[in-house]
Structure formats: C-alpha cells, structure tokens
Amino acid sequence: MEKKTHQGIWRRMCKWLKPDWIFLFLLAASVLLLVLSGTKTEVRSFEPPPLLPKLALLIGAMIAMSAIATFGAKLDRKHLDDYMFQMVANGAVIGIVTTLFVNMLWEIASDILPPITNDDLIAVMIGSWSLGYFFYRWRGLNI
C-alpha cells in the first residue's frame, strides 16, 4: 500500500519562506521604522474614550489576538521541526523582554531622552525578535 503524502499550503509556504529570510526582512524593516519614526514631527491630539469602553476594547482585542497567535503557533509547531520552532519562540521571548526593558529605561530617563513613540517600540520589538532568532541560529539553543 502506497502512503499518500499530502502537503498543505502551510507546509509549502514554510518550505518556500525560510525563517532566515523572513527575520532578515523584519530586521531591515525595524531599522527602517526607527529611521522613519525619527523623522516624524507631527503630534496628533486624541481624546481618550471613557474608561469602560476602552477596557472592553483592550480586553477583547487581547483575547482575540491571543487566540489568533495561539492558532498560528499551533500551525508553526505542526509544520516546522522542533528546533526551528524553539529558535523562533525563544527569539520572540528575547523580543518581548528587550522591548519591556527599553520601555522601562526610557521611562526612567524620560527627562533626558526624547519621547519614545509606539512606532519606536514596535521597531524595537521586531528588531530584537529578529536579533534573538539570529543569536540562537548562530549559537544554538544551548547558549
């Protein structure tokens, strides 16, 4: 009996789009975001919504995005080998921790540093996730 090999679109995409290329692109994009964010001088005025609708929106968005991310991680784990998945996941942890520390340091030194924007923090997260991935890629998971 011949075993049927079924390759879904996700598996084919994982073979075509190697994580090295994706993270190299993300690293370049994060540097571009930082440069473009530094050239912005426009400040938008915004009146925040009342607390209850804001909390409802934030909690709803957090739950929805967590569910989508969990589903995406499940697909990654299913179609990537365990070593590659661990590099991507560990790189994500590096990205989150780095972003938290950069934000914390910026808040502590807010009197002497220019203001940090949301675009800056997103660029820091993308760049540090990419760098974390490459550190694990070059040195291995047991560093």
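The structure under discussion appears in the preceding block.
A brief look at the structure comes next.

### Examining the overall build of the chain
Phase 1: A count of helices and strands for the chain gives five helices and zero strands.
Phase 2: Element order for the chain, N to C, with α for helix and β for strand: α-α-α-α-α.
Phase 3: Taken across its 143 residues, the chain has 18% of its residues classed as buried.
Phase 4: Just so you have it, the chain exposes about 11400 Å², and 69% of that area is on carbon and sulfur atoms.

### Remarks on the side chain of Ser 130
Phase 1: Tracing the backbone through its elements, the reader meets Ser 130 in helix α5 (residues 118-139).
Phase 2: Ser 130 sits in the buried class, given a relative accessible area of 0%.
Phase 3: A distance of 3.4 Å separates a polar atom in the side chain of Ser 130 from the backbone nitrogen of Leu 27.
Phase 4: Ignoring anything within four residues of it in the chain, the contact list for Ser 130 reads Phe 23, Leu 26 and Leu 27.

Reading the values: the criteria
Residues numbered from 1 in each chain as written. Predicted model: local features only at pLDDT ≥ 70, side-chain atom pairs only at ≥ 80, totals over all residues. Heavy atoms only, no water. Helix = DSSP H or I, 4+ residues; strand = E, 2+ residues; numbered from the N terminus. Buried < 20%, exposed > 50% of the residue type's maximum accessible area, 1.4 Å probe, protein only. Areas by Shrake-Rupley, 256 points an atom, 1.4 Å probe, with all protein chains shown as cover. Polar contact = N/O pair within 3.5 Å; in protein donor to acceptor, adjacent residues only side chain to side chain. Contact = heavy atoms within 4.5 Å.

Read these as geometric descriptors, not functional statements.
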